[in-house]
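Structure assessment
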Amino acid sequence: MTDRERILERIKAVQALAERGDRGEKENAAAMLERLMKQYGITETELAEDRREIAWFRFKTPLERRLLNQIIYTVTGRVGYSCVGKYTHRTRKMLGIECTAAERLEIEFSFEFYNAAFEKELDRFYSAFLNKNHIFPENVIDEVPDTGEIDLEEAQRLSMMMAGMEEHTRRKALESGVGA
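Computed from a predicted structure; not experimentally measured.

The rules behind the values
- Residues numbered from 1 in each chain as written.
- Predicted model: local features only at pLDDT ≥ 70, side-chain atom pairs only at ≥ 80, totals over all residues.
- Heavy atoms only, no water.
- Helix = DSSP H or I, 4+ residues; strand = E, 2+ residues; numbered from the N terminus.
- Buried < 20%, exposed > 50% of the residue type's maximum accessible area, 1.4 Å probe, protein only.
- Contact = heavy atoms within 4.5 Å.
- Areas by Shrake-Rupley, 256 points an atom, 1.4 Å probe, with all protein chains shown as cover.
- pLDDT = per-residue confidence, 0-100.
- Pairing = 2+ DSSP bridges.
- Axes fitted to C-alpha atoms, helices over the stretch in contact; angles between N-to-C directions.
- Parallel < 35°, antiparallel > 145°, perpendicular 65-115°, else oblique.
- Left-handed = near helix turned anticlockwise from the far one by under 90°.

**Description of the overall build of the chain**
A tally of regular secondary structure across the chain gives seven helices and three strands. Reading the helices (α) and strands (β) of the chain from amino to carboxyl end gives α-α-α-β-α-β-β-α-α-α. Taking all 180 residues of the chain together, the buried fraction comes to 26%. Long-range pairs, those at least 24 residues apart, make up 64% of the contacts in the chain with a sequence separation of at least 6. A total accessible area of about 14,300 Å² is found for the chain, and carbon and sulfur atoms account for 53% of it.

Shown next, in the form of structure tokens:
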């Protein structure tokens with residue numbers, strides 16, 4: 001850590017006290033903050049760059065929660081925390097973390113990007129699972145919904161995914177005594 005970084009950390013601590021301290025502490029810390037900033041030639045933009053604030057991110061499903069928490073951990077090195085309703089005391093579909101503005105933007109962008117990719121992969125997994133386990137009617141029904149054609153590359157992906165899956169049958173479940 002350089003001298004400038006150490007000085008910035010000290011000044012940020014004084015800044016935090018100036019923002020959150022008690023009446024007398026606030027005033028003294030604000031005066032000291034101004035003096036230190038002048039002494040070391042530090043601007044407010046330098047202080048604001050690394051300012052950490054609590055950011056909240058919404059998710060919809062338990063899988064999205066897991067993905068979001070992994071992204072938060074990747075960006076910040078810390079695990080997000082849950083939000084609990086004030087009156088209901090039930091957890092809300094939000095995760096929070098103290099982070100910089102740049103980290104917040106990176107988390108938002110990464111979650112949007114990877115969540116879309118994850119949804120696509122889940123659709124592919126669902127198709128492979130249905131095909132691997134032969135979950136189709138025995139008799140052809142009159143009105144088969146048109147699902148469109150898939151290209152060769154997508155068919156190969158599905159085939160490879162199916163090859164790695166275990167086949168589940170009701171017969172196996174009945175023989176082992178485990179319910180379906």
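**Re the confidence of the model for the chain**
Here the chain shows a mean pLDDT of 82. Residues at 70 or above account for 88%. Averaged pLDDT values for the elements of the chain fall to 72 in helix α7 (residues 170-176) and rise to 94 in helix α4 (residues 62-76).

**Topic: the sheet that holds strand β3 (residues 91-99)**
Taken in spatial order, the three strands of this open sheet run β1-β3-β2, and their pairing is antiparallel. The sheet is open, and its two edges are formed by β1 (53-58) and β2 (81-84), each paired on a single side. In this sheet, adjacent strand axes meet at a mean angle of 40° when their direction is disregarded. As paired elements, β2 and β3 share three bridges and run antiparallel to each other. Counterpart to tyrosine 81 in the pairing with β3 is glycine 96.

**A word on the packing of α4 against helix α5 (residues 101-132)**
Axis separation between α4 and α5 bottoms out at 9 Å; the angle between their running directions is 140°. Classified by the interaxial angle, the pair formed by α4 and α5 is oblique. The hand of the α4/α5 crossing is right-handed. Judged by residue contacts, Leu63, Glu64, Leu67, Leu68, Ile71, Ile72, Val75 and Thr76 of α4 engage Glu103, Glu106, Ile107, Ser110, Phe111, Tyr114, Asn115, Phe118, Glu119 and Leu122 from α5.

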